[in-house]
Amino acid sequence: MLEMFPYPSGRIHMGHVRNYSIGDVVARYLIMRGCTVLHPMGWDAFGLPAENAAQKHGVHPRQWTLDNIADMRGQLQRLGLAYDWDREVATCLPDYYKWGQWLFLKMYEKGLVYRKKAAVNWCPKCESVLANEQVIGGMCWRHEDTPVESRQLEQWFIRITDYAQELLDDLDKLTEWPERVVTMQRNWIGRSVGTRVTFTAIGAADGWQHPFDVFTTRPDTLFGATYVVFAPEHPLVEKLVSPQHRKAALDYIAAARKATAQDRMAENREKTGVFLGAYAINPVNDERIPIYISDYVLVEYGTGVVMAVPTHDQRDFEFARKYDLPLRIVIRAEGVPESEADMTAAYEGPGMMVESGPFTGLSSEEGKMKITEWLEGRGKGKAEIQYRLKDWLISRQRYWGMPIPIIHCGKCGLVPVPEKDLPVDLPEKVDLAAIGNSPLSRVPEWLNVACPSCGGSARRDPDTIDTFFDSSWYFLRFIDARNDRAPWDKALAEQWMPVDLYIGGIEHAILHLLYSRFFTKVMRDLGLLARVSEPFKKLVTQGMVTKDGAKMSKSLGNTVDPGAIIQEYGADTARLFILFASPPQKDLEWSESGVAGCSRFLDRVYRLMVKYAPRLAAVPDSDPEHPAGDDLALTQRLHQTLKAVTDDIEQRFQFNTAISRIMELVNELYRVAWDEQKVSDAVLATALRRLAQMLSPFAPHLAEECWEMLAGPGRVCRSNWPRYDPRFVVEDTVEIVVQVNGKKRAELRLPLNATQDDARTAALADGRVQRHLEGRPVRKVVYVPGRLISFVV
RNA sequence: GCGGGUGUGGCGGAAUUGGUAGACGCGCGGGUCUUAGGAGCCCGUUCCGUAAGGAGUAUCGGUUCAAGUCCGAUCACCCGCACCA
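For clarity, every value in this text was computed on a predicted model and none was experimentally measured.

Student: Give a description of the overall build of chain A that names residues and reports values.
Tutor: When helices and strands are tallied, chain A shows 26 helices and 34 strands. Taken over the C-alpha atoms alone, chain A extends approximately 105 × 85 × 50 Å along its principal axes. For chain A, buried positions account for 53% of its 793 residues. Sequence separation of at least 24 residues holds for 71% of the intrachain contacts in chain A that already meet a minimum separation of 6. For chain A, the distance from the average position of its 97 positive side-chain charges to the average position of its 104 negative side-chain charges is 0 Å.

Student: Which residues make up the nonpolar core, and what values go with them?
Tutor: Residues Phe104, Trp392, Met523 and Phe698 are the most contacted members of the largest nonpolar core, which totals 173 residues. For this core, the leading source of residues is helix H21 (residues 655-673), giving 11 residues. Core analysis: the second largest hydrophobic core is formed by 41 residues, Leu236, Val305, Ile329 and Leu362 among them.

Student: Please set out the packing of aromatic side chains residue by residue, giving values where relevant.
Tutor: Going through the model one piece at a time under the given rule, you end up with 41 aromatic pairs. Ring geometry for Phe5 versus Tyr474: centroids 3.6 Å apart, planes at 10°, classification stacked. Residue Phe5 is located in the loop between strand E1 (2-3) and helix H1 (14-32), and its partner Tyr474 is located in helix H14 (residues 474-478); the two are separated by 469 residues in the primary sequence. For Tyr474, a relative accessible area of 0% corresponds to the buried category. Ring geometry for Tyr20 versus Tyr83: centroids 6.4 Å apart, planes at 85°, classification edge-to-face. With Tyr20 in helix H1 and Tyr83 in the loop between helix H3 (61-78) and strand E3 (89-90), this residue pair connects regions lying 63 residues apart in the sequence. Summarising the burial analysis for this pair, Tyr20 and Tyr83 share the class buried. Each residue in the set Phe104, Tyr108, Trp141, Trp156, Tyr163, Trp392, Phe468, Phe469, Tyr515, Phe518 and Phe519 is aromatic and connected to the rest through ring pairs, giving one cluster. One Lys or Arg, Arg388, reaches over the ring of Trp188 and ends 4.7 Å from the middle of that ring. Seen from the ring of Trp674, Lys611 lies directly overhead, with NZ or CZ sitting 4.9 Å from the centre.

Student: Could you give an account of the pairing of strand E21 (residues 406-409), with specific residues and numbers?
Tutor: Where E21 lies against strand E22 (residues 413-416), four bridges are found, and the strand directions are antiparallel. Among the inter-strand pairings, Ile407 is bridged to a residue of E22, identified as Val415. With antiparallel pairing between neighbouring strands as the criterion, E21 and E22 make up a hairpin whose turn holds three residues. Both E21 and strand E24 (residues 457-460) contribute to a ladder of three bridges, which runs antiparallel. Opposite Cys409, over in E24, you have Ala458 as the bridge partner.

Student: Please give an account of the protein's contact with RNA strand B that cites residues and values.
Tutor: Every one of the 56 residues lining RNA strand B counts as a neighbour, but Thr216, Thr217, Tyr301, Arg315 and Arg388 are closest to it. Sugar plus phosphate: this is where 65% of the atoms of RNA strand B within 4 Å of the protein reside. Note that a base oxygen of RNA strand B is positioned 2.6 Å from one of the side-chain N or O atoms of Lys271. One of the side-chain N or O atoms of Asn667 is found 3.3 Å from a phosphate oxygen in RNA strand B. Sorting elements by how many residues they give to the surface near RNA strand B places H21 first, with eight residues. The residue inventory of the surface near RNA strand B, partitioned by class, reads 19 nonpolar, 14 polar and 23 charged.

Student: Mind laying out the state of the cysteines, listing which residues take part and the relevant values?
Tutor: Counted according to the given criterion, the structure contains zero disulfides. Among the cysteines around Cys409, which has no disulfide bond, Cys451 carries the closest sulfur, lying 3.7 Å off. Sulfur of Cys454: no disulfide; nearest cysteine sulfur belongs to Cys412 and is 3.6 Å away.

Parameters at a glance
In this convention, every chain numbers its residues from 1, walking through the sequence in written order. Lettering of chains starts at A and numbering of ligands starts at 1, both following the order in which they are written. Selection of residues for local features in this predicted model requires a pLDDT of at least 70, selection of side-chain atom pairs for listing and counting requires 80 or more, and totals for whole chains, interfaces and linings are taken over all residues. Computation of side-chain values covers all heavy atoms of the structure but excludes hydrogens and water. Only runs of H or I of at least four residues qualify as helices and only runs of E of at least two qualify as strands under DSSP, and these elements are numbered from the N terminus. Burial here depends on accessible area, computed with a 1.4 Å probe over protein chains only, as a share of the maximum for the residue type. Under 20% is buried, over 50% is exposed, and the range in between is partly exposed. What makes two residues a contact is simply this: any of their non-hydrogen atoms within 4.5 Å. Charged residues are defined narrowly, with Lys and Arg counted positive, Asp and Glu counted negative, and His plus the chain ends left uncounted. To locate a charge, the coordinates of NZ of Lys, CZ of Arg, CG of Asp or CD of Glu are taken. Remark: nonpolar core denotes a set of buried residues (Ala, Val, Leu, Ile, Met, Phe, Trp, Tyr, Cys) joined through side-chain atoms within 4.5 Å. Side-chain rings of Phe, Tyr and Trp (the six-membered ring for Trp) are treated as a pair once their centres are within 6.5 Å; stacked means planes under 30 degrees apart, edge-to-face means over 60, and tilted covers the remaining angles. The rule is short: NZ of Lys or CZ of Arg within 6 Å of the ring centre and within 35 degrees of the ring normal puts a charge over the ring. Note on pairing: DSSP must find at least two bridges between two strands before they are called paired. Residues are labelled near a given molecule or strand when at least one of their non-hydrogen atoms is within 4 Å of it. We call two N or O atoms a polar contact when they sit within 3.5 Å, provided that within protein one can donate a hydrogen and the other can accept it, with sequence-adjacent residues counted only if both atoms are side-chain atoms. Under the convention adopted here, Pro, Cys and the residues Ala, Val, Leu, Ile, Met, Phe, Trp and Tyr are nonpolar, Asp, Glu, Lys and Arg are charged, and Gly plus all remaining residues are polar. Cysteine sulfur atoms that pair up within 2.5 Å are treated as a disulfide.

Laid out in structure tokens, this is it:
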């Protein structure tokens, strides 16, 4: 089991405390249950903050990072988290990134890594390109107030789109993932089934003809196409535009280029566009329709051209209305106006095809198939599936990242670094302050190397790799962290994978979690994993830690330092509060007095131990055969607590209620053993030892201390999780509620096995019940044994 | 706009299969111990009402002997996506 490893910023925050406390409870519980638990921790240690710190404080990024790791490791250890530190990994260390480079080269051999020149996202603050997944609403994921810009650059990509269908299909297997994460991934992949249709463009000036394709999910509306729209950046636009429209078109294209992605996505933005003075021929009816450009068409999706059917597509409708373009209804259904002139909005639903030549009369579903077949038969189109997902751009123009193990040779082209030369290390000295791309490109002694293939002069790739590449396989490295002959042993991976439980923040719903799924499938296809296709069986996304209703953040100044809380109350209190205040998936509001309450509770436990342990340490555990009186009451409470806490941890994954049950047990112990001891030594000693055991996953330090005081054998965290005895879980008398006409009128104490007649007799003997039944015949009686008896009068 | 989630005391939250709404904790009130208590221990604490009783889980309606829980509509807040052809 695993929690998402942190970026070593230097200080842990409450989100970490929460994430890791949740995981630690489960790990410690499973260990006590006798499971073999692999519970490691490591560091997502490459990344931009180290470079910023280097410039600000004049310390090398490596030193800054390693110092932070040492600090944070200490903070995690102070929390008492049960990690196997022998498996610790840091992505910035050569024995980790050596294997990252090795994996990169395996993917390169397989053709999964390639270079291409494309319009890419550029963050001016990161001074680097970003993957699509790292652009959130037009902004950089790390700088949420910085719009990304578009640049034409040649960059490294990974073919994640090759796996789009499998990534989509396998979402159905993730039955133990939160539904919203699955939905977010499904939407991100964005599969659309449709048809590619070939139109012919006629150049305005000379009748020059050129075929071009559109992608549509509505081939059934093809007869309603009254114009065509190209994305402004589309390469064909230049060739199509007529001389008299040229200036207007070029001005529009320039404006579109300048606008940020954010501008173009602005809500309710009025459609704009320019006529090119050129026409296209619709293949189904040979109709000549005008060609426009507009920025509502995205060059990067589909073919970058759409056929416009204003009657059955709202966007086209808005555009057509603005530029007074013709409308033609080709789908009839309830709610579609008689004439085009009466339309106030496009009708996008299904219906019966009309005005569609030989296809008139078909349903839209049938029509989609028939028209696609018709086009296929004439070489004018074919069925096609489009994905919104794009290939993963992995180059970064930064220093503090994994070097790309490729050498650029003028003669041989791209040459992989031979395996024996791995890892490719970063140069020690680099000028991070200078302005411009890729700090590594300014280190000639590192950059210039002999080509491994021809021996001639060549250059290393000056970029580093997206840190999400590093974090996409760290869970696999944990399996075999010290292996120096392979990234991991395949048999060991087979034994441990998939991760049974993965806990982390929702912010990686698409980023890290999608990339890791993709990597796992690639590793399988590279033969490095067998049978495993999904990395994480169960996923838990924990809620935020808030204060005053807002997420804790430096800019809001509402952070609480875990170190200070540990200093004042101790690690056990910090852990206990954060688990007690809210169930894992929900947000958690920080409360200083709530922390104090948890501290009081632990004090209460300790006082009880101090009072009894010296004497009871000599009293062995014994489960009484037939306890009576308070001995029975305490024994029952103990076993009820054991059952509830076990269920809460194992089945319900709800620790706040588990802790509240333990608190109830402690309250009962105070009742029977504080002012005066009302129970036998054996029963009390047993209860106190079980209490220490149940407390162990939550408050391991105090639990260990109590266990030692009570002379429990070995260490409490290695003891066997106690089992409950079903005999003591149910009590032999129960409270029965008496209802008259659905209203509660009395409570009775009855034997568990009381019959309906017993309950009825007892209820009728009660004064309050009598008063409400008076003079009214009972029409019906409902009896739920152990719960209630209900009279209908 | 589309998709998802949430809504329960003064506060965090509980109620697992339709069966005692408010467990547990905080806060508040009271008692006890004490020279003192801001420590500890004990009791009380959904609201209205002296009480009997009544009302009550965002709002309105429905199903049921019985609804926080199921069904329908509405409102509020939060999250994700958002010209994807």
